[in-house]
Amino acid sequence: MSAIVGQRDAGVLFRFKDRLPVTDATPMITLGEGSTPLVRSVRLEEAVGCEALYFKLESCNPSGSFKDRGMVVAVAKALERGDTAVLCASTGNTSASAAAYAARCHLRVYVIVPHGNIAEGKLAQAVAHGARIIAIDGGFDDALRLAREITQRHPIALVNSVNPHRIEGQKTASFEIVDDLGDAPDILCLPVGNAGNITAYWKGFVESYQREEATKKPLMWGFQAAGAAPIVAGEPVAEPRTLATAIRIGNPASWEGATNARDESGGDIRAVTDDEIVDAYRRLAQEEGIFCEPASAACVAGLLGRAKDGEDLAGKTIVCVITGNGLKDPERAMAEFAPELHAIAPEVSRVEAEMGL
Ligand code: F0G
């Protein structure tokens, strides 16, 4: 595959065109999304006690999150239909991705976000790409309700994962995992918010199995933040709370997709506390060299928790999906890790003393 991006032979639409709703009329747009690294764990694998633990670094996508896979398909199909504007509700990453692809394709882009609950890096991305930002005094669930209603009233394409093209694009991550491992893993761990991603991964693994590219399908292990765990509770959460703002969602749109993935795979969806999320966030950064956002760490927190509870994972190949880049939420990183910084004189002896030498 060419490393030059912007030509027709790169990205998710090109690589997986035979498994996506691509027609002769579909514009083969790309920002170089997909083909992300599957990185083997160097430390946490032992703590988990499995045969092999991998991280699928979706944080390496062009806008820094997994959303680009589905967004490139949704935006291409919007262009194919002749749409001139797109809209999404978002906790941040969807808006950053929509804004990037819309800018590239000269579409107008509107994003509805929960005021005060979107990480700074994500907002910066949407602003930089020229999105019209509508901040609401409400949560993601309100934003999505508004986005649905407005796109019904106006000729604007809705690019949330309720748009089936988003799910189609996102499923390609499963194909890559199967390609890289030579088979499906035994277990796939991922964070669950609006539940589009777990729905999409499961669709992808089922298709790989049907195409006989994989001999098995993984157990789908999803993890929600304890203060925002409607699927675990079995009912919507009116006021979801978690420091992992990306998954601060009380009534996921793809609820049924998530429970289907869980039940058909024989998997599970559990809750992890914010403390567990922060602990995994720290361990990923400091023991694996992987800087992700807190929501992404939720799945590693969940896996570590299950191992600690005595779950026997010997012989298992496990993949954790690292959904978003840590740079998106610099405030959280500073809050968790930053020591008090004080400036010292630029002298060797002072620097040595500071270094403990
Ligand atoms: N991880 C990150 C970093 C996310 O941004 C999201 C969702 C998820 C996990 C959960 O994925 O919603 O498919 O279950 N972010 C959405 C957004 C809601 O607006 O960016 P999901």
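Given the structure is predicted, the values throughout are model-derived calculations rather than measurements.

A. Region of interest: the overall build of the chain. Counting its regular elements, the chain contains 15 helices and 10 strands. The globule rule puts the C-alpha radius of gyration for 357 residues at 21 Å, and the 20 Å found for the chain is close to it. Seen through its C-alpha atoms, the chain measures out along the principal axes to roughly 65 × 50 × 45 Å. Counting every position in the chain, which comprises 357 residues, the buried fraction comes to 56%. Contacts in the chain between residues at least 24 apart in sequence constitute 71% of all its contacts with a sequence separation of at least 6.

B. A look at unusual backbone geometry. Of note in the backbone geometry, A195 takes a positive phi value of approximately 75 degrees without being a glycine. Locating A195 in the fold gives a position in the loop between β7 (187–191) and α9 (196–210). Residue class for A195 comes out buried when judged on its relative accessible area of 5%. We note that E212 has phi near 60 degrees; this positive angle belongs to a residue other than glycine. Note that E212 resides in the loop between α9 and β8 (219–225). With a relative accessible area of 70%, E212 lands in the exposed category.

C. Expanded view of the site of the ligand. The environment of the ligand is formed by 20 residues, the closest being S90, N93, N194, A195 and T323. Within the backbone of G193, a nitrogen or oxygen atom sits 2.8 Å from an oxygen atom of the ligand. Interatomic distance of 3.2 Å between a backbone N/O atom of G196 and an oxygen atom of the ligand. Protein contacts shield 98% of the accessible area of the ligand, which totals 470 Å² for the unbound molecule. Secondary structure elements with two or more residues in the shell around the ligand: α4 (93–104) and α9. When the residues that make up the shell around the ligand are grouped by side-chain class, the tally is 8 nonpolar, 10 polar and 2 charged.

D. The arrangement of the pairing of strand β10 (residues 317–322) in detail. Across the 6 residues that make up β10, a large majority, 6, are buried. By the bridge criterion, 6 bridges tie strand β2 (residues 52–57) to β10 in an arrangement that is parallel. Each residue of the ladder has a partner; that of Y54, found in β10, is V319.

E. Examining the sheet that holds β8 more closely. With mixed pairing, 6 strands are arranged side by side in an open sheet as β1-β2-β10-β7-β8-β9. Where the open sheet ends on each side, the last strands, each with one partner, are β1 (38–40) and β9 (268–272). Strand-to-strand twist across the sheet, computed as the mean angle between neighbouring axes with direction ignored, equals 25 degrees. One ladder, built from 3 bridges, connects β1 with β2; its direction is antiparallel. Within β2, the position partnered with V39 by the bridge is F55.

F. Layout of a negative patch on the surface. A cluster of acidic residues, D275, E276, D279 and D309, forms a negative patch at the surface. In this fold, D279 is placed in helix α12 (residues 274–288). Residue D279 is classed as partly exposed on the basis of its relative accessible area, which comes to 40%.

G. Representation of the packing of α4 against helix α5 (residues 120–128). In contact at an axis separation of 8 Å, α4 and α5 are set at 20 degrees when each is read in the N-to-C sense. In terms of their interaxial angle, α4 and α5 are classed as roughly parallel. As for the relative orientation of α4 and α5, their crossing is left-handed in sense. Within the contact between the two elements, α4 uses N93, S95, A96 and A99 and α5 uses K122, Q125 and A126. Its residues placed into classes, the contact of α4 with α5 shows 3 nonpolar, 3 polar and 1 charged.

H. Fine view of the pattern of salt bridges. Here the structure, examined in full by the defined rule, presents 26 salt bridges. In this structure, the salt-bridge partner of D18 is R211, at a minimum N-O distance of 3.5 Å. Of this pair, D18 sits in the loop between α1 (11–15) and β1 while R211 sits in the loop between α9 and β8, placing them 193 residues apart in sequence. R40 is the salt-bridge partner of E45, the closest N and O atoms lying 2.9 Å from each other. Taking the relative accessible area as the measure of exposure, E45 reaches 15% and is therefore buried. A single network of salt bridges, built from pairs that share partners, joins R15, K56, E58, R69, E176 and D179.

Rules used in this analysis
- Residues numbered from 1 in each chain as written.
- Predicted model: local features only at pLDDT ≥ 70, side-chain atom pairs only at ≥ 80, totals over all residues.
- Heavy atoms only, no water.
- Helix = DSSP H or I, 4+ residues; strand = E, 2+ residues; numbered from the N terminus.
- Rg over C-alpha atoms; globule rule 2.2 N^0.38 Å.
- Buried < 20%, exposed > 50% of the residue type's maximum accessible area, 1.4 Å probe, protein only.
- Contact = heavy atoms within 4.5 Å.
- Near = heavy atom within 4 Å.
- Polar contact = N/O pair within 3.5 Å; in protein donor to acceptor, adjacent residues only side chain to side chain.
- Areas by Shrake-Rupley, 256 points an atom, 1.4 Å probe, with all protein chains shown as cover.
- Nonpolar A, V, L, I, M, F, W, Y, C, P; charged D, E, K, R; others polar.
- Pairing = 2+ DSSP bridges.
- Axes fitted to C-alpha atoms, helices over the stretch in contact; angles between N-to-C directions.
- Patch = residues over 30% accessible without salt bridge, like charges linked within 9 Å, V, L, I, M, F, W, Y side chains within 5 Å.
- Salt bridge = Lys/Arg side-chain N within 4 Å of Asp/Glu carboxyl O.
- Lys, Arg positive; Asp, Glu negative; His and termini not counted.
- Charge placed at Lys NZ, Arg CZ, Asp CG, Glu CD.
- Parallel < 35°, antiparallel > 145°, perpendicular 65-115°, else oblique.
- Left-handed = near helix turned anticlockwise from the far one by under 90°.

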